[in-house]
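Observations on chain architecture
Spelled out, the chains give:
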Amino acid sequence: FQCALPVSQIFLSPTIATLAATIESHNSAARLVVPLRQGGHAAPIWLIHPAGGTVFCYRTMASRIDEAHPVYAIQSPEIAGLDLGPCDVDMLCRRYACEIVRLQTDGPVYLAGWSLGGALSFRIAEMLEREGRQVGWVGLFDTMPVRDERPQDFEEFVAWALTRVQVETLAPGEALAESHARTAQYIEEYGIAPLVQGLSDNPDYLTEALALDAHYVAFLRSQYAIQQAHIALMTGFVPGRINAPLHVFQAEESVRLHAGQMNWLAHTKDTRNSTQQSLPGRHENLILLEENINAIVRVLGVGSGRAVGSRLGCNPSD
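Residues numbered from 1 in each chain as written. Predicted model: local features only at pLDDT ≥ 70, side-chain atom pairs only at ≥ 80, totals over all residues. Heavy atoms only, no water.

The next thing to look at is the packing of aromatic side chains. Under the definition given, this model contains eight aromatic pairs. Judged by centre distance (5.9 Å) and plane angle (50°), the rings of Phe141 and Phe249 are tilted. In this pair, Phe141 sits in strand β5 (residues 135–141) while Phe249 sits in strand β6 (residues 246–251), placing the two residues 108 residues apart along the sequence. Classification of Phe141 as buried rests on a relative accessible area of 0%. For Phe249, a relative accessible area of 0% translates into the label buried. Three or more aromatic residues joined by ring pairs form one cluster here, namely Phe154, Phe157, Trp160 and Tyr224. (Phe/Tyr/Trp six-rings, centres within 6.5 Å; stacked < 30°, edge-to-face > 60°. Helix = DSSP H or I, 4+ residues; strand = E, 2+ residues; numbered from the N terminus. Buried < 20%, exposed > 50% of the residue type's maximum accessible area, 1.4 Å probe, protein only.)

On to the pairing of strand β3 (residues 71–74), then. What you see with β3 is no split at all: Val71 and Ala73 on one side and Tyr72 and Ile74 on the other are buried throughout. In this sheet, β3 lies alongside strand β1 (residues 33–37) in antiparallel orientation, the contact comprising four bridges. Each bridged residue has a counterpart across the sheet, and for Val34 the counterpart in β3 is Ala73. Note: strand β2 (residues 45–48) against β3, four bridges, orientation parallel. For Ile45, the partnering residue across the bridge sits in β3 and is Val71. As a crossover connection, the stretch from β2 through helix α3 (residues 59–64) into β3 is right-handed. (Pairing = 2+ DSSP bridges. Right-handed = clockwise from strand over helix to strand, strands pointing away.)

Here helix α6 (residues 116–130) spans 22 Å end to end across 15 residues, near enough to the 21 Å set by a 1.5 Å rise per residue. When you tally the buried positions in α6, you get 14 out of 15 residues, the bulk of the element. Positioned one or two residues after α6, Gly132 has a phi angle of 95°, which is positive. (Expected span 1.5 Å × (residues − 1).)

Below, the discussion takes up helix α11 (residues 214–234). Here α11 is 21 residues long and its end C-alpha atoms lie 30 Å apart, about the 30 Å a rise of 1.5 Å per residue gives. By the burial criterion, the buried members of α11 are Tyr216, Val217, Phe219, Leu220, Gln223, Tyr224, Ile226, Gln227, Gln228, His230 and Met234. Following α11 by one or two positions, Gly236 has its phi on the positive side, about 85°.

See below:
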């Protein structure tokens, strides 16, 4: 149809009829906010994207949260099809904060995020509190500081994505899942080295030698570029201190590998109502395992709060 739509359109237009209407009206639906579940009378839960910008990793978790709470996710501008121009982490988080206060005019704000999304959630909470909004809590799902390390090569990223990441956390689609599974099978049979060497010698190795779907390969390249940009954006990020309690969830593997690298509870004034616990698994599947989702949802209980105005300087026409 010669009409490019962001992946979030699947949520915004969930039927063939509504999707057809969207295409016909040439509405690209380039939105940062993805409604994972609407309705309910209680305060919304806001889930902020990890590195790579997609929010499909939160689908199962959203379905486990009490139906009284609407669940919104914020995807990155790159995934939403928006060009915000050059910006630093504070500019990006201020834009996200503006989207939140635009849709949630009162009540405490509840924020959480996986990996990079946790750091972004924390910065948004800092901004909201400075402007007088109450933050109910901030949930951090295996969020660690960005270390000054050599950036990944594309070959290294592909090897990591295919051996550690479940494709359904990145985007839905049978074609993507099939290509992902086929490449994972190749790695299981021949190991990582031939794949990395093949990509080093031939940029088209995945489509020519492995006959992978071109859209899947393009998706991997896009994810690589976005993730590298997000990591660079967060290099040197230093959290302040917030009034809201923090709920910190760490993967057991991450605790073993990065013990002592970040004491998040030192960044909240409300340690009494804060929690910290390690959960089974590794960084890449912490919020996918059923037992972990249930544990997280049990801890993230929503309270009540007083609404106050915002002075974030958001432009309603943005």
